[in-house]
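An overview of the molecular structure
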Amino acid sequence: MKTFRHCLPVAAVLLVAVSLYAGCSAPAPAEPPPPVASPFRPVATVREVMNSVIDPSVDMVWNSVGSVVDDGRLTDRAPVKDEDWAEVRRHALIVSEAANLLLMHDRPVAPPGAPSLAPGVELTPEEIRSLIDKNPDGWNFYVQELQDSLKPALAAIDAKNAQALFDAGEKIDTTCENCHSTFWYPKAVASSR
């Protein structure tokens, strides 16, 4: 029994040493698998996403609140019924989620051969693509800023607070303008300074 007691600590030390050796001598992991092709299959161009999804919906958010002068009288405009607020919220969500579509870097800016929609002001689609490709982090930043700018609007809508929604609209507009002046018409911005 005495011999067994002396052998037990030696056996434990040996077991730990063998385990450590086995762990350290394991072969290096195989090379990581090649990246999987994106499961996304963009159909619309950036221009089409902007013109067909984002612009109409953000206009609904912006135009849901405000003041108009009609027949010399100032009239405030804001959603009144729950259904009205739900409709504005739906459009704010469309804009926020559509920003994810803009993060798909293999999405073309415009159809092949498409011209600038505002020659002399807006760059050509090829020039825009070049700027996005040179600065993908900047592109991602502005797209995510668009999503973030919708958060106060959604909070205002959920609180049914027309003034807060109006105030949120300015942040959305500034975010859009910052991106456009960086990627769509930087020459026009530079010449106006």
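Below, the structure is looked at part by part. Being a predicted model, the structure only gives us computed values, none of them experimental. (Residues numbered from 1 in each chain as written. Predicted model: local features only at pLDDT ≥ 70, side-chain atom pairs only at ≥ 80, totals over all residues. Heavy atoms only, no water.)

**Some points on the layout of surface pockets**
The space that makes up the largest pocket amounts to roughly 240 Å³. For the largest pocket, the lining is made up of 15 residues, of which Met50, Asn51, Asp55, His180 and Trp184 are closest to its centre. Mapped by element, the contributors of at least two residues to the lining of the largest pocket are helix H2 (46-63) and helix H6 (162-183). The greatest single-element share of the lining of the largest pocket, amounting to 7 residues, is contributed by H2. Here the residues of the lining of the largest pocket sort into 8 nonpolar, 2 polar and 5 charged. (1 Å grid on protein atoms, 1.4 Å probe; cavity = no way out; pocket = protein on both sides within 12 Å on 5 of 7 lines; lining within 4 Å. Points joined across faces, edges and corners; volume = space filled by probe spheres on them. Helix = DSSP H or I, 4+ residues; strand = E, 2+ residues; numbered from the N terminus. Nonpolar A, V, L, I, M, F, W, Y, C, P; charged D, E, K, R; others polar.)

**Describing the packing of H2 against helix H3 (residues 82-102)**
Contact pair H2 / H3: the axes reach a minimum separation of 8 Å and the direction vectors enclose 155°. One element, H2, and the other, H3, form an angle in the roughly antiparallel class. Note that H2 runs across H3; the crossing there is left-handed. Where H2 abuts H3, its residues Val46, Val49, Met50, Val53, Ile54, Ser57, Val58, Met60 and Val61 lie against Val88, His91, Ala92, Ile94, Val95, Ala98, Leu101 and Leu102. Partitioning the contact of H2 with H3 into residue classes produces 15 nonpolar, 2 polar and no charged. (Axes fitted to C-alpha atoms, helices over the stretch in contact; angles between N-to-C directions. Parallel < 35°, antiparallel > 145°, perpendicular 65-115°, else oblique. Left-handed = near helix turned anticlockwise from the far one by under 90°. Contact = heavy atoms within 4.5 Å.)

**Digging into H6**
Look at H6: 32 Å from first C-alpha to last across 22 residues, which is about the 32 Å you get at 1.5 Å a residue. Residues of H6 that are buried: Leu165, Ala168, Gly169, Ile172, Thr175, Cys176, Cys179, Ser181 and Phe183. Of the residues flanking the start of H6, the one acting as N-cap is Asn161, its side-chain oxygen 3.2 Å from the backbone nitrogen of Gln163. (Expected span 1.5 Å × (residues − 1). Buried < 20%, exposed > 50% of the residue type's maximum accessible area, 1.4 Å probe, protein only. Polar contact = N/O pair within 3.5 Å; in protein donor to acceptor, adjacent residues only side chain to side chain.)

**Topic: the pattern of salt bridges**
Side chains that carry opposite charge are capable of pairing whenever their charged atoms lie near each other. Per the stated rule, a full pass over the model turns up 8 salt bridges. When the shortest N-O distance is used, the salt bridge between Glu127 and Lys187 registers 3.6 Å. Here the residue Glu127 occupies a position in helix H4 (residues 125-134), and Lys187 occupies one in helix H7 (residues 186-191), the gap between them amounting to 60 residues. What makes Glu127 partly exposed here is its relative accessible area of 33%. (Salt bridge = Lys/Arg side-chain N within 4 Å of Asp/Glu carboxyl O.)

**Overview of the environment of Val49**
Tracing the sequence through the fold places Val49 in helix H2. On the basis of relative accessible area, Val49 is assigned to the buried category, the value being 2%.

**Brief notes about the packing of H3 against helix H5 (residues 136-158)**
Remark: H3 packs on H5, axes separated minimally by 9 Å, with the N-to-C direction vectors making an angle of 165°. In terms of orientation, H3 and H5 fall into the roughly antiparallel class. In this structure, the crossing between H3 and H5 has a hand that is left-handed. Where H3 abuts H5, its residues Trp85, Val88, Arg89, Ala92, Leu93, Val95, Ser96, Ala99, Asn100 and Leu102 lie against Trp139, Val143, Leu146, Gln147, Leu150, Leu154, Ala156, Ile157 and Asp158. Here the contact of H3 with H5 is built from residues that sort into 14 nonpolar, 3 polar and 2 charged.

**Here's the deal with the packing of aromatic side chains**
According to the stated counting rule, one finds 4 aromatic pairs in the structure shown. A centroid spacing of 5.4 Å and a plane angle of 65° characterise the contact between Phe141 and Tyr142, whose relative ring orientation is edge-to-face. For Phe141, a relative accessible area of 45% translates into the label partly exposed. Put simply, the rings of Trp139, Phe141, Tyr142, Phe183 and Trp184 pair up and form one aromatic cluster. (Phe/Tyr/Trp six-rings, centres within 6.5 Å; stacked < 30°, edge-to-face > 60°.)

**Observations regarding the pairing of strand E2 (residues 73-77)**
Along any regular strand, the residues point their side chains to alternate faces of the sheet. With 0 of its 5 residues buried, E2 lies for the most part at the surface. Note: strand E1 (residues 66-70) against E2, 5 bridges, orientation antiparallel. Counterpart to Val69 in the pairing with E2 is Leu74. Where E1 hands over to E2, the hairpin turn is made up of 2 residues, of which Asp71 adopts a positive phi near 55°. (Pairing = 2+ DSSP bridges.)

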